[in-house]
Amino acid sequence: MARDPAFVLRYLAEVEELAEDVLAARQQIVDLDVKRNRNREALRALQKDPEPEDKAMVCFGNMFIELPKAQTREMLQKDQEELDEEINNLRKELRVKVNRLFEAQGKAELKGFNLNPMTAEEMKLINRILEG
């Protein structure tokens, strides 16, 4: 049975578009993770500094500004929280995109891909149950 060339072309274009979405989402997660690691390094450097009341030089784009360390720490912590939230949202969206891609390719959905980690409370309860 011969397939219509226009149908095959549309199918391949759709699969390629879905694959590009998956790759773009993965790259965005990697980029945000690099930024999160830099923020973590900066927070750690601020914590290790022996003079906590001084000011710190902060880079905004191509400009350095001197800010109080407390304010700098708060900004970095808030940025960390936002980055964590954005990375988690992107990971959830990535799961959906990968499933759509697999569906378009005619493959079975990934098993175990929709698992979520246990919360700290759930881990405490499990440990209590296991201990006694």
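Residues numbered from 1 in each chain as written. Predicted model: local features only at pLDDT ≥ 70, side-chain atom pairs only at ≥ 80, totals over all residues. Heavy atoms only, no water.

Caption draft 1: Expanded view of the pairing of strand β1 (residues 55–60). Both β1 and strand β2 (residues 63–68) contribute to a ladder of six bridges, which runs antiparallel. Looking across to β2, one finds that Lys55 is bridged to Pro68. Hairpin connection, β1 to β2: the antiparallel pair is bridged by two residues, and Gly61 has positive phi, about 70°. (Pairing = 2+ DSSP bridges. Helix = DSSP H or I, 4+ residues; strand = E, 2+ residues; numbered from the N terminus.)

Caption draft 2: Seen up close, the pattern of salt bridges. Per the stated rule, a full pass over the model turns up three salt bridges. A salt bridge links Arg36 to Asp33, with the nearest nitrogen and oxygen atoms 2.5 Å apart. Of the two residues, Arg36 and Asp33 both sit in helix α1 (residues 5–48), three residues apart, roughly one turn of that helix. Judged by its relative accessible area of 14%, Arg36 falls in the buried class. With a closest N to O distance of 1.7 Å, Asp49 and Lys69 form a salt bridge. Taken together, the residues span a long stretch of sequence, with Asp49 in the loop between α1 and β1 and Lys69 in helix α2 (residues 69–105) at a distance of 20 residues. (Salt bridge = Lys/Arg side-chain N within 4 Å of Asp/Glu carboxyl O. Buried < 20%, exposed > 50% of the residue type's maximum accessible area, 1.4 Å probe, protein only.)

Caption draft 3: Looking closely at helix α3 (residues 120–131). Under the 1.5 Å per step criterion, the end-to-end length of α3 is 16 Å for 12 residues, consistent within 8% with the ideal 16 Å. When you tally the buried positions in α3, you get zero out of 12 residues, a small fraction of the element. (Expected span 1.5 Å × (residues − 1).)

Caption draft 4: Spatial organisation of a nonpolar patch on the surface. A contiguous nonpolar surface patch, about 330 Å² in accessible area, is contributed by Phe7, Val8, Tyr11 and Leu12. Structurally, Val8 can be placed in helix α1. What makes Val8 partly exposed here is its relative accessible area of 32%. (Patch = residues over 30% accessible without salt bridge, like charges linked within 9 Å, V, L, I, M, F, W, Y side chains within 5 Å. Areas by Shrake-Rupley, 256 points an atom, 1.4 Å probe, with all protein chains shown as cover.)

Caption draft 5: Representation of the packing of aromatic side chains in the model. All told, the structure shown has zero aromatic pairs when counted by the stated rule. Over the ring of Phe102 we find Lys107, and its NZ or CZ is 5.3 Å from the ring centre. (Phe/Tyr/Trp six-rings, centres within 6.5 Å; stacked < 30°, edge-to-face > 60°. Lys NZ or Arg CZ within 6 Å of the ring centre and 35° of its normal.)

Caption draft 6: Structural view of α2. Here α2 spans 52 Å end to end across 37 residues, near enough to the 54 Å set by a 1.5 Å rise per residue. Positioned one or two residues after α2, Gly106 has a phi angle of 80°, which is positive.

Caption draft 7: How the structure looks around the nonpolar core. Ranked by size, the top nonpolar core spans 14 residues in total, and within it Val22, Ile29, Leu32, Leu94, Val98 and Leu101 carry the most contacts. Every element with two or more residues in this core is listed here: α1 and α2. In terms of residues, this core owes the most to one element, α2, which gives eight residues. Setting aside residues no more than four positions away along its own chain, Val22 makes contact with Leu94, Lys97, Val98 and Leu101. (Core = buried A, V, L, I, M, F, W, Y, C linked by side-chain atoms within 4.5 Å. Contact = heavy atoms within 4.5 Å.)

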